[in-house]
Every structure is written in structure tokens, then in C-alpha cells.
Amino acid sequence: LLHCGLIVEALKFERNWNRTCKSGQQKSKSSSYIEALLYHLFQYCETDPKYIELLLQLPLDPIEEECLIQYLKSDNDPLPSPSTQLARKNMLVIYFLQRGRYN
């Protein structure tokens, strides 16, 4: 889905998969899988500014939002250049401003 630029559909897939895991017997592993899926989605969105813009406009549930904030704050990426780190910090500020969180 991501390679076709279907960001919204990829997020819907993650949400459906999340619901399936929560209702099944895989509850203990589901959070790490969800985080991995979301991390991959966020990483892919960084490849194109239009994907970032779309991602920042989407309504996220609390788990997705927490993962996005952790991703944008993270410094333990193997290849984050200084410009990537700055871009992530800027995206985090934009995300908070769009949602009226000024504190």
C-alpha cells in the first residue's frame, strides 16, 4: 500500500489489524507489531513532503499519536542526518499547533 502512495489505506489497514489482534489471543505481541507497522508508515512518509502533509492532517487515535510523537522525538535511528532530526522536530511542532496544543 505504501509503495503505491496509499497512506490513508495503510493507516486503515493498521487499524483493522489492531482491532483483530485485540480481539484475538495475540494481545501481548500486538503492541510491538502495531508500533513496528506505524514506525514503517512514518518512515515511509518522510520520503515525500506530500505524504508528511497528508499524515499530519489525518486524525490519529491515542496509540497512533503516541507512536508518532515517539517517532518524531527519537534519536536512535541508525541514519538520522541533522537535517532529518530538524525536520522531525519541525513536524512535531506543526502537529501540536494543528491540534491546538501550545503548551
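Residues numbered from 1 in each chain as written. Predicted model: local features only at pLDDT ≥ 70, side-chain atom pairs only at ≥ 80, totals over all residues. Heavy atoms only, no water.

Asker: Quick one: what's the story with the confidence of the model for the protein, residue by residue and with numbers?
Answerer: When pLDDT is averaged along the protein, the result is 82; 83% of the residues meet or exceed 70. Across the protein, the element-wise mean pLDDT spans from 80 in helix H2 (residues 27-45) up to 90 in helix H4 (residues 62-73). (pLDDT = per-residue confidence, 0-100. Helix = DSSP H or I, 4+ residues; strand = E, 2+ residues; numbered from the N terminus.)

Asker: Give me the packing of aromatic side chains: which residues, what numbers.
Answerer: Across all of its chains, the model carries four aromatic pairs by this definition. Between Phe42 and Tyr71, the ring centres sit 5.7 Å apart and the planes meet at 45°, which makes this aromatic pair tilted. Within this pair, whereas Phe42 is found in helix H2, its partner Tyr71 is found in helix H4, the two being separated by 29 residues in sequence. The buried category is assigned to Phe42, whose relative accessible area is 3%. For Tyr71, a relative accessible area of 2% puts it in the buried group. (Phe/Tyr/Trp six-rings, centres within 6.5 Å; stacked < 30°, edge-to-face > 60°. Buried < 20%, exposed > 50% of the residue type's maximum accessible area, 1.4 Å probe, protein only.)

Asker: So, the environment of Ala87: which residues are in play, and what are the values?
Answerer: Within the secondary structure layout, Ala87 lies in helix H5 (residues 82-98). Residues Ala87 and Leu72, spaced 15 residues apart in sequence, show a C-alpha to C-alpha distance of 8.9 Å.

Asker: Describe a nonpolar patch on the surface, and please don't skip the residues or the numbers.
Answerer: A surface patch of nonpolar side chains, amounting to about 330 Å² of accessible area, comprises Leu1, Leu6, Phe13 and Leu37. Relative to the helices and strands, Phe13 is located in helix H1 (residues 7-23). For Phe13, a relative accessible area of 44% corresponds to the partly exposed category. (Patch = residues over 30% accessible without salt bridge, like charges linked within 9 Å, V, L, I, M, F, W, Y side chains within 5 Å. Areas by Shrake-Rupley, 256 points an atom, 1.4 Å probe, with all protein chains shown as cover. Salt bridge = Lys/Arg side-chain N within 4 Å of Asp/Glu carboxyl O.)

Asker: Can you explain the side chain of Glu64? Please cite residues and give values.
Answerer: Mapped onto the elements, Glu64 comes out in helix H4. Excluding residues within four positions of it along the chain, Glu64 makes contact with Leu11, Glu14, Arg15, Leu38, Phe42 and Pro59. (Contact = heavy atoms within 4.5 Å.)

Asker: Give me the packing of helix H3 (residues 49-57) against H5: which residues, what numbers.
Answerer: Packing of H3 against H5 brings their axes to within 10 Å, and their N-to-C directions diverge by 35°. H3 and H5 meet at a crossing whose hand is right-handed. For the pair H3 and H5, the contacting residues are Ile52, Leu56 and Gln57 in the first and Met91, Ile94, Tyr95 and Gln98 in the second. Tallied by class, the residues present in the contact of H3 with H5 amount to five nonpolar, two polar and no charged. (Axes fitted to C-alpha atoms, helices over the stretch in contact; angles between N-to-C directions. Left-handed = near helix turned anticlockwise from the far one by under 90°. Nonpolar A, V, L, I, M, F, W, Y, C, P; charged D, E, K, R; others polar.)

Asker: Could you give an account of the packing of H4 against H5, naming the residues involved and the relevant values?
Answerer: Helix packing for two helices is described by the angle between their axes and how far apart those axes are. Remark: H4 packs on H5, axes separated minimally by 8 Å, with the N-to-C direction vectors making an angle of 145°. Between H4, through Glu65, Leu68, Ile69, Tyr71, Leu72 and Lys73, and H5, the contact on the second element is made entirely by Arg88, Met91, Leu92, Tyr95 and Phe96. Considering only residue class, the contact of H4 with H5 consists of eight nonpolar, no polar and three charged.

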